[in-house]
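# Residue-level structural notes
These are the residues of each chain, in order.
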Amino acid sequence: MSTSKGAPFRYIDLFAGIGGFAAALEAFGGECVYSVEIDEAAAKVYERNWGHSPFGDITKDANDGVMNVPPHDLLAAGFPCQPFSKSGAQRGMEETRGTLFWNILKIIEAHHPTVVLLENVRNLAGPRHKHEWDLIIQTLRDEGYRVSQTPTVFSPHLLPLERGGRPQVRERVFITATYDPDGILDGVEALPALSNVTQRGTEEWDLLHDLPVDLTDDVPGTELSSAEISWIEAWNDFVTTMWAEVRKGQTDDKPPTLPGFPIWADHWVKSEDLALWMVGGRSPYRAVDVPDTWDEVPRWKKTFLLKNAEFYTRYKAQLDQWASRHDLASFPASRRKLEWQAQQTATLWDCVLQLRPSGIRAKRPTHLPALVAITQTSIIGPLRRRLSTREAARLQGFPDNFDFGPQPAPATYKQLGNGVNIGAVWNVLRAHAERDAEALRTSEPGRALLKALVADAPKTPDERLDAVVARGRARFSEAQLPLAV
Ligand SMILES: C[S@@+](CC[C@H](N)C(=O)[O-])C[C@H]1O[C@@H](n2cnc3c(N)ncnc32)[C@H](O)[C@@H]1O
């Protein structure tokens, strides 16, 4: 890949996906000198928008015998998390051999980019991956990097909209490091996590307005099936019926609430029948997921069975009537369950919904849970349809001129679910440059990075994203034109 003069820094984009890092780094003015992505569909979308095609497999390009990655100033990688070897015979970098992090280390060893930016799922900083976490920090320090032992966990919903925030809870771990071989012994253990990443106040998001959601139910590919509508209608009837009931029964000034525990229509039995079963009587349950005896029921489930029985006993007449109004027997078992997490919301159709294996989950239409690669796409209740691919792209910070080409929608949802949020990257990187300003000032590339990431950068990538995607798409179109003869 050729490099142009004038870009303030050169970056490489490892495990590039569709280019969440590329978007932020291009918006900072960076120039990509190498990218790699093994998934062909994602690589095609990347090429279509950034104008160059990622190489296929990092293990072929960066290993013991080969280093095809060129020099660069910033390395970005949202790498797949894999366990490291714990064998006592190996130490440090050797323990990571066989993982993709080892290939990243080979690149770092060869080029020592000024800034390293790694992103991963939150679990990487959790107790189960302590060995991996400690080793990542240790090997980066062994290579001469200033890096904090304390993880920076960040999510786009924590950022104000005008700083590139989005109404999505997507907690990710960021590891940011500055090459500083001379300063490395100087208090690096005490280096704080990034604390100056801009934070939003307590003001709530408004999904429809802030994303924004396109205020129409007519978006091809987002329709609900007639079965889905009948499940939601049934539970909507439940919600409105129960609101009327709990209000009637209200005895104090506290606002009435709907049950917050999982509501399982298959497990509605009278408390007295449950009590008899608990002491060895006949089981009142017909559902296959309840064992023969009370003792065999796992503890967490006991609590929910007891609560559902109490609830049913109290509202038996209303619940029996509700059940008689709907053909519950025709619903899959998971659609006979409701997880109400929407507090005072008046109806189910006013919520955002997820059709999960554990039941229909209802939340207030403030922000969405993290987009993930394999899941049912959220339903925007007020619009009676699913989140569109365009809206999912907005949730990750992509501008509307980002082009997914002719691929099927599930591929787009998957790639977005795998990706990094652009506003989160932008703000984490900026905060990193501010924290490490002193170390960055000690080298020419460091000074250029500092200027691009802080002094010359607008407060939000959104100011520049339309233009950088337009530029990338123009590069792609030019490359498609037949050469003039
Ligand atoms: C968590 S995703 C990163 C997505 C990216 N940061 C984005 O914003 O779209 C990890 C990516 O690594 C890619 N990958 C896995 N093994 C790879 C390999 N050996 N070489 C190159 N890419 C690989 C996967 O296909 C996947 O797209």
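Residues numbered from 1 in each chain as written. Predicted model: local features only at pLDDT ≥ 70, side-chain atom pairs only at ≥ 80, totals over all residues.

### Things to note about the overall build of the protein chain
- Summing up its helical and strand segments, the protein chain has 16 helices and 15 strands in all.
- Along the three orthogonal principal directions, the C-alpha set of the protein chain runs to about 75 × 60 × 45 Å.
- Buried residues in the protein chain amount to 44% of all 485 residues.
- At a minimum sequence separation of 6, the contacts of the protein chain that also span at least 24 residues come to 71%. (Helix = DSSP H or I, 4+ residues; strand = E, 2+ residues; numbered from the N terminus. Buried ≥ 20, exposed ≤ 12 C-beta atoms within 10 Å, placed from the backbone. Contact = placed C-beta atoms within 7 Å.)

### Focus: the domain arrangement of the protein chain
- The domains assigned to the protein chain are domain 1 (10-203 + 415-480) and domain 2 (226-387).
- Relative placement of domain 1 and domain 2: their C-alpha centres are 42 Å apart.
- Each partner contributes residues to the interface: domain 1 has eight residues there, and domain 2 has eight residues.
- Contributing elements (two or more residues each) for the side of domain 1 that touches domain 2: strand 7 (168-169) and helix 12 (409-418). (Domains from an automatic or database assignment.)

### Focus on the environment of Arg48
- Take Arg48: it is sitting in helix 2 (residues 40-50).
- Judged by C-beta crowding, with 21 C-beta atoms within 10 Å, Arg48 ranks as buried.
- The spacing of Arg48 and Gly472 is 424 residues in sequence and 7.6 Å in space, taken between C-alpha atoms.
- Excluding anything up to four places from it in sequence, Arg48 contacts Asp403, Gly405 and Phe476.

### Some details on the pairing of strand 12 (residues 359-363)
- Among the five residues that make up strand 12, five are buried, leaving the element largely enclosed by the rest of the structure.
- Relative to strand 12, strand 10 (residues 337-341) runs parallel, the two sharing four bridges. When the bridges of strand 12 are listed, Glu339 appears paired with Arg361.
- Here five bridges tie strand 11 (residues 352-356) to strand 12, and the two strands are oriented antiparallel to one another. Within strand 12, the residue paired with Arg356 across the bridge is Gly359.
- Hairpin remark: strand 11 followed by strand 12, antiparallel, with two residues in the connecting loop. (Pairing = 2+ DSSP bridges.)

### Notes on the site of the ligand
- The local shell around the ligand holds 20 residues, among which Phe15, Gly17, Gly20, Gly78 and Gly419 are the closest.
- Those elements that provide at least two residues to the shell around the ligand are helix 1 (20-27) and helix 3 (58-61).
- A breakdown of the residues in the shell around the ligand according to their chemical character gives eleven nonpolar, six polar and three charged. (Near = placed C-beta within 6 Å. Nonpolar A, V, L, I, M, F, W, Y, C, P; charged D, E, K, R; others polar.)

### Some details on the pairing of strand 10
- Counting buried positions over the five residues of strand 10 gives four, a clear majority of the element.
- Of the strand pairs in this sheet, strand 9 (residues 263-264) and strand 10 are connected by two bridges, and their pairing is antiparallel. Among the inter-strand pairings, Ile263 is bridged to a residue of strand 10, identified as Leu338.

### With respect to the nonpolar core
- Within the largest apolar cluster, 126 residues are counted, with the highest numbers of intra-cluster contacts made by Leu14, Ala24 and Leu75.
- Examining the composition of this core, we find that eight residues originate from one element, helix 13 (residues 422-435), more than from any other.
- Those residues in contact with Ala24, other than ones at most four positions away along the chain, are Ile422, Val425, Trp426, Leu429 and Pro461. (Core = buried A, V, L, I, M, F, W, Y, C linked by C-beta atoms within 7 Å.)

### Describing the sheet that holds strand 10
- Spatially, 9-10-12-11-14-15 is the arrangement adopted by the six strands of the open sheet, whose pairing is mixed. The strands lining the two open edges of the sheet, one partner per strand, are strand 9 and strand 15 (385-386).
- Alignment of strand 14 (residues 379-380) against strand 15, held across two bridges, turns out to be antiparallel. Bridge pairing links Ile380 to Arg385 in strand 15.

### Remarks on the packing of helix 1 against helix 16 (residues 462-480)
- Relative orientation of the contacting elements helix 1 and helix 16 amounts to 110 degrees, with a least axis distance of 9 Å. For the element pair helix 1 / helix 16, the angle class is roughly perpendicular. Across the interface between the two elements, Ala23, Glu26 and Ala27 from helix 1 touch Arg464, Leu465, Val468 and Gly472 from helix 16.
- Residue classes in the contact of helix 1 with helix 16 are distributed as four nonpolar, one polar and two charged. (Axes fitted to C-alpha atoms, helices over the stretch in contact; angles between N-to-C directions. Parallel < 35°, antiparallel > 145°, perpendicular 65-115°, else oblique.)

### A short note on the environment of Val469
- Along the chain, the position of Val469 falls in helix 16.
- Residue Val469 is classed as buried on the basis of its 23 C-beta neighbours within 10 Å.
- Along the sequence, Val469 and Lys130 sit 339 residues apart, while their C-alpha atoms lie 38 Å from each other.

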